[in-house]
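# Commentary on secondary and tertiary structure
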Amino acid sequence: MNSTPNAPAPAKLMPHLGLKGRNTFGLDAVADLAYEITAPEQIAAVMNQITEQNLPWRVLGGGSNVILPKVLPGVTLLMNITEQEIISSEQNATVISVGGGVNWHEFVVWTLENNLPGLENLALIPGTVGAAPIQNIGAYGVEIADYIDSIHAFDTKTNTFVTLAKEDCQFAYRDSYFKKHPQRFIVTNVIFNIPKVWQAKIHYADLAKQFEGNPNPTAEEIFLAVCKIRTLKLPDPKVIGNAGSFFQNPIIPNEQYETLLKKYAGLVSYPDAPGKRKLAAGWMIDQCGFKGQRMGEVGVYENQALVLVNHGNGTAQDILGLAKCIQDKVRKEFGVSLEIEPNIL
Ligand code: EPU
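The structure presented is a predicted model; accordingly, all values stated were derived computationally and were not measured.

Parameters and conventions
- Residues numbered from 1 in each chain as written.
- Predicted model: local features only at pLDDT ≥ 70, side-chain atom pairs only at ≥ 80, totals over all residues.
- Heavy atoms only, no water.
- Core = buried A, V, L, I, M, F, W, Y, C linked by side-chain atoms within 4.5 Å.
- Buried < 20%, exposed > 50% of the residue type's maximum accessible area, 1.4 Å probe, protein only.
- Helix = DSSP H or I, 4+ residues; strand = E, 2+ residues; numbered from the N terminus.
- Contact = heavy atoms within 4.5 Å.
- Pairing = 2+ DSSP bridges.
- Axes fitted to C-alpha atoms, helices over the stretch in contact; angles between N-to-C directions.
- Parallel < 35°, antiparallel > 145°, perpendicular 65-115°, else oblique.
- Left-handed = near helix turned anticlockwise from the far one by under 90°.
- Nonpolar A, V, L, I, M, F, W, Y, C, P; charged D, E, K, R; others polar.
- Arc of directions from axis to C-beta.
- Near = heavy atom within 4 Å.
- Polar contact = N/O pair within 3.5 Å; in protein donor to acceptor, adjacent residues only side chain to side chain.
- 1 Å grid on protein atoms, 1.4 Å probe; cavity = no way out; pocket = protein on both sides within 12 Å on 5 of 7 lines; lining within 4 Å.
- Sits in = over half its atoms within 2 Å of the grid points.
- Domains from an automatic or database assignment.
- Phe/Tyr/Trp six-rings, centres within 6.5 Å; stacked < 30°, edge-to-face > 60°.
- Lys NZ or Arg CZ within 6 Å of the ring centre and 35° of its normal.

### Examining the nonpolar core
One finds Trp104, Phe107, Phe192 and Leu207 to be the most contacted residues of the largest nonpolar core, which totals 44 residues. Among the elements of the structure, β7 (93-99), α2 (104-113), β10 (148-155), α3 (177-180), β12 (185-195) and α5 (219-233) are those that each provide at least two residues to this core. Discounting residues that sit within four places of it in the chain, tryptophan 104 has contacts with Leu119, Leu122, Ile125, Gly127, Thr128, Val129, Ala132, Ile137, Ile144 and Phe192. In this structure, Ala243, Phe246, Trp283 and Cys288 belong to the second largest nonpolar core, which totals 33 residues.

Structure below.
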C-alpha cells in the first residue's frame with residue numbers, strides 16, 4: 001500500500017447526474033460524469049483524467065448563476081468542500097478560512113452568530129462561498145471583495161495550488177481575475193478578513209427607507225431588513241426558477257447619460273468611476289414594458305424586471321431568446337447594451 005494514511009478518499013463519481021435540483025433556474029440538465037469534490041486534494045486526480053482523455057469540463061458551485069444546456073458533456077466538478085476555521089483573531093480583524101462549498105447565506109448567519117458583523121448586507125444571496133468571489137457578489141452597497149483577504153485555488157494551467165492575494169484578484173463590479181480567466185482556477189477556500197471595527201452601511205435607498213428614524217441600527221437589524229427587501233423583490237428559487245439579476249447594470253460615459261436624462265427624466269442611475277454613470281437596467285427593462293410578461297415557459301419577474309424566471313419547463317434556449325428580445329428593445333429605446341450576468345455553459 002502506498003497511499004498516505006490521511007489522504008482523502010477519491011472524489012465520488014456520479015454518472016449521468018440530473019442537475020435540475022442543482023441549478024436555481026431549475027433547468028433540466030444531465031452531467032455525463034459528475035465528481036463530488038469534498039477535499040482540495042481530490043482535484044488533481046480528476047484534472048488528470050480530464051487531460052488524459054481530453055474531456056470538456058466545468059465547475060458547478062451552488063448553480064445559482066448559470067444557464068445550463070440539456071447535456072453537460074465530459075466532467076462536471078461539484079464543489080462541496082465545507083471545512084471552516086478561524087485562522088486568527090487579533091485586535092484589528094478576524095481571519096476565517098471557509099471551504100468553497102459552504103452555503104453563502106449560512107456563512108453570513110454564522111458570522112453574525114459569532115459576533116463578526118460586516119456581511120449582513122449580503123444576506124440571502126444564493127450560491128456558495130467558492131462561487132461568490134468569481135462575480136464579486138454585491139448588494140446594498142457592500143461587495144464581498146471588501147472582506148476578502150485571499151483565495152486558495154487549484155490553478156489548472158500549472159497544476160498546482162495557489163494563493164491569490166486580494167490585490168491579485170482584480171475585483172470590480174461583478175468581475176474578478178477568475179471571471180476574466182474562465183476554466184483556469186478552481187476555488188477551494190476563501191479567506192475572509194472581517195475588521196473588528198464595524199459600521200452600519202445603510203446608504204442604499206431601499207435600506208435607508210427601512211431605517212428612517214433609526215440611524216444606528218445593529219448588524220442583526222440590517223440583516224433582517226435585507227432579508228425582508230430581498231424576499232419582497234426577488235423570487236425564491238425553490239418556488240420559481242431564477243438566477244437573480246439576469247443583466248449587469250450598464251456603465252456609460254457621463255455625456256451619454258446627460259443626453260439620456262434629457263429624454264427620460266425618471267432615469268435611475270448611480271455615480272460610478274469618474275466620468276461614468278451606472279444605469280439601473282431593471283428600470284429600463286420595466287419602462288420597455290417587460291415586467292411580469294411571459295414568453296412560453298419563461299418570463300420577466302413581476303416584482304423586479306432585472307430577474308428572468310423559469311415557470312417550470314423552460315430551457316436555456318427559451319431564456320436566451322427572451323434575453324435577446326429584451327436586449328434588442330432596450331438598445332432601440334435607450335441606445336444601451338445589456339450584458340448577461342449568469343454564465344452560459
Ligand atoms: N427598478 C424599476 N423597475 C424594476 C426593477 C428596478 O424601476 O422592475 C428600479 C428600482 O426602483 C430602483 C432601481 O431600478 O430604483 C434599482 O433596483 P434595485 O434596487 O432592485 O437594484 P438593482 O440595481 O436592480 C442590484 C444588484 C442586485 C442587488 C441589488 C441591491 C446588479 C446586476 N444587481 O440590483 O444583485 O441585490 O442591486 O443592491 O448589480 C444579483 O446580482 O443577482 C442581484 C440580485
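### Looking at the sheet that holds strand β18 (residues 298-300)
Strands sit in the order β13-β19-β18-β17 across an open sheet of four strands; the sheet is antiparallel. Each having just a single partner strand, β13 (241-245) and β17 (294-295) make up the two edges of the open sheet. With two bridges connecting them, β17 and β18 associate as antiparallel partners. For methionine 295, the partnering residue across the bridge sits in β18 and is valine 298. Sheet contacts for helix α8 (residues 316-334): β17, β18 and β19 (307-310); angle to β18, the most-contacted strand, approximately 35°.

### Looking at the packing of α2 against α5
With their axes 11 Å apart at the nearest point, α2 and α5 run at an angle of 155° to one another. Judged on the interaxial angle alone, α5 and α2 are roughly antiparallel. Both α2 and α5 take part in a crossing whose hand is left-handed. Along the contact surface, α2 presents His105, Val108, Val109 and Leu112, while α5 presents Ala219, Glu220, Phe223 and Cys227. For the contact of α2 with α5, the residue count by class is six nonpolar, one polar and one charged.

### What about the sheet that holds strand β14 (residues 251-253)?
With respect to topology, three strands assemble into an open sheet ordered β14-β16-β15, the strand pairing being antiparallel. Each end of this open sheet is capped by a strand with a single partner; those strands are β14 and β15 (269-271). Taking each pair of neighbouring strands and ignoring which way they run, the sheet shows an average axis angle of 35°. Here β15 runs beside strand β16 (residues 276-279); their pairing, made up of three bridges, is antiparallel. Residue proline 271 lies in a different strand from β16, and its bridge partner there is arginine 277. Packed onto the sheet, helix α6 (residues 254-263) meets β14, β15 and β16 and runs at close to 95° relative to β14.

### Considerations on helix α1 (residues 43-53)
For α1, every residue scored as buried is listed here: Ile43, Val46, Met47, Gln49 and Ile50. Projected down its long axis, α1 carries its buried residues within an arc of 155°, all on one side. Seen from the buried face of α1, the exposed residues on the opposite side, beyond 90 degrees, are Ala45, Thr51 and Glu52. Among the structural elements, β2 (30-37), β3 (57-60), β5 (71-79), β10 and β12 are those in contact with the buried residues of α1. Of the residues trailing α1, asparagine 54 is marked for its positive phi of about 55°.

### A look at the site of the ligand
The environment of the ligand is formed by 24 residues, the closest being Tyr140, Tyr173, Asp286, Gln304 and Ala305. Interatomic distance of 3.1 Å between a side-chain N/O atom of arginine 230 and an oxygen atom of the ligand. In the model, an oxygen atom of the ligand is placed 2.8 Å from a nitrogen or oxygen of the alanine 305 main chain. Here the ligand occupies the largest pocket. Sorting the residues of the shell around the ligand by element identifies β8 (138-139), α5, β13 and α7 (281-287) as the ones contributing at least two each. For the shell around the ligand, the leading source of residues is α7, giving three residues. The residue inventory of the shell around the ligand, partitioned by class, reads twelve nonpolar, six polar and six charged. Taken domain by domain, the shell around the ligand gets at least three of its residues from each of domain 2 (84-195) and domain 3 (235-344).

### Focus on the packing of aromatic side chains
The relative placement of two aromatic rings is captured by the distance of their centres and the angle of their planes. In the structure shown here, the tally under the stated rule is 13 aromatic pairs. Relative to phenylalanine 334, the ring of tyrosine 264 has its centre 4.5 Å away and its plane inclined at 40°; by these criteria the two rings are tilted. Here tyrosine 264, found in the loop between α6 and β15, pairs with phenylalanine 334, found in helix α8; they are 70 residues apart in sequence, far enough to count as distant. Here phenylalanine 334 falls in the buried class, since its relative accessible area comes to 4%. Cluster of aromatic residues (ring-pair linked, three or more members): Trp104, Phe107, Trp110 and Phe192. Over the ring of phenylalanine 290 we find lysine 329; its NZ or CZ atom is 5.7 Å from the centre of that ring.

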